[in-house]
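Fold and contact review
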Amino acid sequence: MKVLVVDDSKAMRMIVKRTLRQAGFGHFEVVEAENGQDALSKIEAEAPQLILSDWNMPEMSGIELLDKLAESGSKVKFGFVTSEGSDSMRQRATESGALFLIAKPFNADTFKEILSPHVS
Amino acid sequence: MLQGASSIGGRRLPTVIQEWLEVTTKAFTKLSEDFELPECTHIESVGDIPRNQPGAYISLTNEEHAGLVGVLTTDQGQKALTANMLGMELEEVAELDEGEIADCMREVANILAGMVKSLLTGGEDLKLGLPVYSLSPLQYGSSVRSEVAKVRAGEHTFAIVIILGPTKSGVGAAGRKESAA
């Protein structure tokens, strides 16, 4: 499976990749994007099967990216990995088609539990 | 200390800022545990922001409050935090450039703000900005107040900073970006 990790923080992209490995998903091919706008280019070029995106980013936020994908008819699986996990944000994410929202800080067990149903 | 004791939503600013400081310190202690830093102990609470320490700030705002949450520490403290956060050895962190260390500090502030939002009473209404890194303490006007909690984790001391004022004070305008729908 090819996964696109979208976060404006290089450190957080490193942490997400490490956590994927620790959760048993080390065989995934991971590509990276720095924001929503960058992600749109990477999605076209790399055709990932799963997107793990931060919410709050410059240029284009994660929710704006998700809405853009929905408008284009994309069926790619999409989940948030973000610092906020409020009920209103979870509701907004679900309404826009996100499969899940993982709030930071997270660990490998969280990744394994939440991602497993979507990556079989 | 940046002085000021205006009222926000019927509550005195010193009361509100103390609440923010307690919650943020609690969140940092929890985050330190997650990063497997040595156990955090509270040293003291002061008003003055350390002048010789860099760090990262992020804005938290709602209709009444405009605030900044910050984490400051020494260069060595930043490297220790980065090493634990990224699961790297200190020798490996020494090879990172200043931009990469700053990136880690911004992310610490970002995660911390998310935790504060979830822990603070009424935090649901707070909107997070984008984190910024600063080599020097931020300065604001007379309607704004700052408080600092110093905590020690192992051999490193971290300053947990709250800068808070009424929304009209403009605190946190830099880097602000609405995050919640």
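Residues numbered from 1 in each chain as written. Chains lettered and ligands numbered in written order. Predicted model: local features only at pLDDT ≥ 70, side-chain atom pairs only at ≥ 80, totals over all residues.

**As for the overall build of chain B**
When you go through chain B residue by residue, the secondary structure sums to 4 helices and 9 strands. Each helix and strand of chain B, placed in order from N terminus to C terminus, yields the pattern β-β-α-β-β-β-α-α-α-β-β-β-β. With 181 residues in all, chain B has 48% of them scored as buried. (Helix = DSSP H or I, 4+ residues; strand = E, 2+ residues; numbered from the N terminus. Buried ≥ 20, exposed ≤ 12 C-beta atoms within 10 Å, placed from the backbone.)

**Some details on the nonpolar core**
If you look at the biggest cluster of nonpolar residues, it comprises 83 residues, and the most contacted ones within it are V69(B), V71(B), V108(B), A109(B), L112(B) and I160(B). When residues of this core are assigned to their parent elements, the largest contribution, 10 residues, is made by helix α4 (residues 98–119) of chain B. (Core = buried A, V, L, I, M, F, W, Y, C linked by C-beta atoms within 7 Å.)

**Examining the packing of helix α2 (residues 75–86) of chain B against α4(B)**
All names here are of chain B. One way to put it is that α2 packs onto α4 with a least axis distance of 10 Å and a crossing angle of 75°. Taken as axis vectors, α2 and α4 run roughly perpendicular relative to one another. Across from Q78, K79, L81, T82, M85 and L86 in α2, the residues of α4 making contact are I101, C104, M105 and V108. Residue composition of the contact of α2 with α4, grouped by class: 7 nonpolar, 2 polar and 1 charged. (Axes fitted to C-alpha atoms, helices over the stretch in contact; angles between N-to-C directions. Parallel < 35°, antiparallel > 145°, perpendicular 65-115°, else oblique. Contact = placed C-beta atoms within 7 Å. Nonpolar A, V, L, I, M, F, W, Y, C, P; charged D, E, K, R; others polar.)

**Observations concerning the confidence of the model for chain B**
Residue and element names in this part refer to chain B. This prediction gives chain B a mean pLDDT of 85; 87% of its residues lie at or above 70. Counting contacts from residues 1–5, a segment whose pLDDT is below 50, to residues more than four positions away or on other chains yields 18 contacts. Ignoring residues within four places in sequence, the model shows residues 175–181, a span with pLDDT below 50, making 24 contacts including any to other chains. For this predicted complex, the interface confidence score (ipTM) comes to 0.87, while the overall pTM stands at 0.88. (pLDDT = per-residue confidence, 0-100.)

**Describing α4(B)**
Between its first and last C-alpha, α4(B) extends 31 Å over 22 residues, near the 32 Å set by a 1.5 Å rise per residue. With 16 of 22 residues buried, α4(B) is to be regarded as a mostly interior element. (Expected span 1.5 Å × (residues − 1).)

**Brief notes about the interface of chain B and chain A**
Facing the 23 residues of chain B at the interface are 21 residues of chain A. Among the secondary structure elements, those contributing two or more residues to the side of chain B that touches chain A are α1 (13–34), α2 and α4 of chain B. The element best represented in the side of chain B that touches chain A is α4(B), accounting for 11 residues. A breakdown of the residues in the side of chain B that touches chain A according to their chemical character gives 10 nonpolar, 5 polar and 8 charged.

**Focus on the sheet that holds strand β1 (residues 2–6) of chain A**
Residues and elements named next belong to chain A. The strand order across the open sheet formed by 5 strands is β2-β1-β3-β4-β5, and the pairing between neighbours is parallel. Strand pairing shows two members of the sheet lacking a second neighbour, β2 (29–33) and β5 (100–103), which therefore form its edges. Across this sheet, the average inter-strand angle for adjacent strands is 20°, counted without regard to direction. Where strand β3 (residues 50–53) lies against strand β4 (residues 77–82), 4 bridges are found, and the strand directions are parallel. Its bridge partner lying in β4, L50 is registered against K77. (Pairing = 2+ DSSP bridges.)

**Re unusual backbone geometry**
Note that the residue after K104(A), namely P105(A), is joined by a cis bond; omega there is -5°. Here P105(A) is to be found in the loop between β5 and α5 (108–115). Phi is positive for E36(B), which is not a glycine, with a value near 60°. The residue E36(B) is located in the loop between α1 and β3 (40–46) in this model.

**A short note on the pairing of β3(A)**
When a strand is regular, its side chains alternate between the sheet's two faces. All names here are of chain A. Residues L50 and L52 of β3 are buried on one face, and the alternating residues I51 and S53, pointing to the opposite face, are buried as well. As paired strands, β1 and β3 are joined by 4 bridges and run parallel to one another. In the sheet register, V3 faces β3, and the bridge partner there is L50. In terms of handedness, the path from β3 via helix α3 (residues 62–71) over to β4 forms a crossover that is right-handed. (Right-handed = clockwise from strand over helix to strand, strands pointing away.)

**Overview of the packing of helix α2 (residues 36–46) of chain A against α3(A)**
Residue and element names in this part refer to chain A. Contact geometry of α2 with α3 gives a least axis separation of 9 Å together with a crossing angle of 35°. The interaxial crossing formed by α2 with α3 has right-handed handedness. Contacts from G36, A39 and L40 of α2 reach α3 at G62, E64, L65 and K68. A breakdown of the residues in the contact of α2 with α3 according to their chemical character gives 3 nonpolar, 2 polar and 2 charged. (Left-handed = near helix turned anticlockwise from the far one by under 90°.)

**Some remarks on α3(A)**
Residues and elements named next belong to chain A. Looking only at α3, the buried set comprises G62, I63, L65, L66 and L69. Angular distribution of buried residues about the axis of α3 spans 155°; they occupy a single face of the element. Of the surrounding elements, those touching the buried residues of α3 are β1, α2, β3, β4 and α4 (87–95). Once α3 finishes, G73 follows within two positions and takes phi at roughly 85°, a positive value. (Arc of directions from axis to C-beta.)

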